[in-house]
Structure formats: structure tokens, C-alpha cells
Amino acid sequence: ALAQALFNATVGREMTEEGQAALADLRKLAEEHPDEPEVRLELAKALTNAVLKLEKDGPRQGALDVLRKLAEEHPDEPEVRLRLAQALNNAVLELEKDGPRQAALDELRKLAQAHPDEPEVRLRLAKALNNAVLKLEKDGPRQDALADLRALAEEHPDEPEVRLGLAMALTNAVFKLGQDGPRQAALAELRALAQAHPDEPEVRLRLAQALCNMAIHRMNSLAGHWGAEPFVAEARALAAGHEGEPDWAPVLAFLAQFPA
């Protein structure tokens, strides 16, 4: 009960003195009670949140170091390992520079490879690869992350959440890639993915979002609204029947600026 209370005291307070004091107390409690895995798990959860919420990379890496050591010392506790996987995903999303971001991604790749029987760790890798496509600064590393995620989805066709991660990454690629040819290739791959899995509406939503992203690129080019129109029409066909659904609201709002 004390461990849970200390964890609760850290939530949303990671950058405050109160939250940091609660985290220090939780670390001390875990050290004093090494035979109580539930205390360790509360500490792992708090450290995972710290990697996500702290504002500077030094403290983020410090929390990650403590969590890494915790997972190494207790390899028979998959829940702690899963928290490390989530923290590494958080690091890919939040670290400020590509070097440390790539290092966190590489560590998560190795963790997933070492535990192929833990699909939740693999899912965190899929999410981190998607985050890498979104956050990395150069197209080459973005394409490398996309290739790894594509391979992961192909190796695990029975895991729709990994496939959704690929769909999200392709959507982000259409938005972030710097040249039209690679954008078009990502869009074509996403079309094929949606066609191959018509019973997965989340993939279809990502395709609609990617089409909107492509329309935005065209609107920002010399082609203007005229160049955007084919993508708008395709997105509108996908959006038909989804009026009133919150997930589709941004797509529908974007399409509303174009005459039907």
C-alpha cells in the first residue's frame, strides 16, 4: 500500500520537489524490500513516467539508468522489463537529439529480439519505430525505422497492433519526408495495407490522414487546391459514413474546406 501511495504521489508531479521526493522514497523502499516484487513494479512505473515527463535529457537518462539496472537485476520479472521497453519508447519520443534517440531505439530492438515470446515488448518497439519516423531529423534514418517496422509487421501478421504501428508510421512518413517520390511510395504502401486488411478500420483511418497530409503538401506547392483535389476525393470516400465519430473529426474538418 505504501509503494502504491508513493507512486501515486509521483504521477503528474515528476518535475516538482514533492514528486521527486516521492520517487526517492520509492527507490529507498524498493532497496529495503528486495523480496517484494510489487514494490519494484511501482518503482518501475514511476521511472517510466519520469522518462516521459521530465524536461531535460540528463534526468531522463538518469531515470532510464535506474530502470535498466532494475530490469537487469530481475530478469524473471517480465512486468519490469515491459516498463523498461515503454521507457525506451518514451525516450525515442522525448529525447532532444537524434544520437541518444537512436541509442534508445537500438536498445529496444535488442530487448525485443532477446524476448520474442513477449508481444507487449514487441509492440513497444513498433511504437518506438513509429515515433522515430516522426521525430528523427533526416529522411535516411526515417526510412531505416520504417523498414524495420515493415519487417516486424511481416514477421508477425497475427498482431494487428504492430500492423497499426506500421500504418501510423507510413502516415507520419507522408507528412515528414522531404521529397514527393518517397511520400508517394509511403502512401501507395499504406493503400495496399488498407486494402489487404479491410476489417481493420484504424488502418483505413490512417490512410485518410495520410491523404490529407499529401493534400496539404500539394496545397503548399505550386499545384495549390487543384493539386490537392485527387487526394481530397479519395479521403472523402474513405470518410463517408464516419460522421460524428471523434477519431474521424480532424479528417472531416479538413475535408470541409473543399467543395464537395
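Residues numbered from 1 in each chain as written. Predicted model: local features only at pLDDT ≥ 70, side-chain atom pairs only at ≥ 80, totals over all residues. Heavy atoms only, no water.

Chemist: If you had to explain helix H7 (residues 119–135) to someone new, which residues and values would you point to?
Modeler: Working note: α-helix, 3.6 residues per turn, so residues spaced by three or four point in the same direction. With 17 residues, H7 ought to run about 24 Å at 1.5 Å a step, and its terminal C-alpha atoms sit 24 Å apart, in line with that. Most of H7 is tucked away, with 12 of its 17 residues classed as buried. Those residues of H7 not exposed but buried are Val121, Arg122, Leu123, Arg124, Leu125, Ala126, Ala128, Leu129, Asn130, Asn131, Ala132 and Val133. (Helix = DSSP H or I, 4+ residues; strand = E, 2+ residues; numbered from the N terminus. Expected span 1.5 Å × (residues − 1). Buried < 20%, exposed > 50% of the residue type's maximum accessible area, 1.4 Å probe, protein only.)

Chemist: Account for the packing of H7 against helix H8 (residues 139–155), naming residues and giving values.
Modeler: Relative orientation of the contacting elements H7 and H8 amounts to 150 degrees, with a least axis distance of 8 Å. Classified by the interaxial angle, the pair formed by H7 and H8 is roughly antiparallel. Considering only the axes of H7 and H8, their crossing is left-handed. Side by side, H7 and H8 meet where Arg122, Leu125, Ala126, Leu129, Asn130, Ala132 and Val133 of the first sit next to Arg142, Ala145, Leu146, Asp148, Leu149 and Leu152 of the second. When its residues are assigned to classes, the contact of H7 with H8 shows nine nonpolar, one polar and three charged. (Axes fitted to C-alpha atoms, helices over the stretch in contact; angles between N-to-C directions. Parallel < 35°, antiparallel > 145°, perpendicular 65-115°, else oblique. Left-handed = near helix turned anticlockwise from the far one by under 90°. Contact = heavy atoms within 4.5 Å. Nonpolar A, V, L, I, M, F, W, Y, C, P; charged D, E, K, R; others polar.)

Chemist: Before we move on, could you go through the environment of leucine 2 and cite the residues and values that matter?
Modeler: Residue placement: leucine 2 occurs in helix H1 (residues 2–10). Judged by its relative accessible area of 53%, leucine 2 is exposed. Placed 24 residues apart in sequence, leucine 2 and leucine 26 show a C-alpha to C-alpha distance of 8.7 Å.

Chemist: Can you break down helix H11 (residues 201–219) residue by residue, with the values?
Modeler: A rise of 1.5 Å per residue sets the reference length of H11, with its 19 residues, at 27 Å; its end C-alpha atoms lie 27 Å apart and thus fit the reference within 8%. Taken together, the buried positions of H11 are occupied by Val203, Leu205, Arg206, Leu207, Ala208, Ala210, Leu211, Cys212, Asn213, Met214, Ala215 and His217.

Keep in mind these values describe shape, not function.
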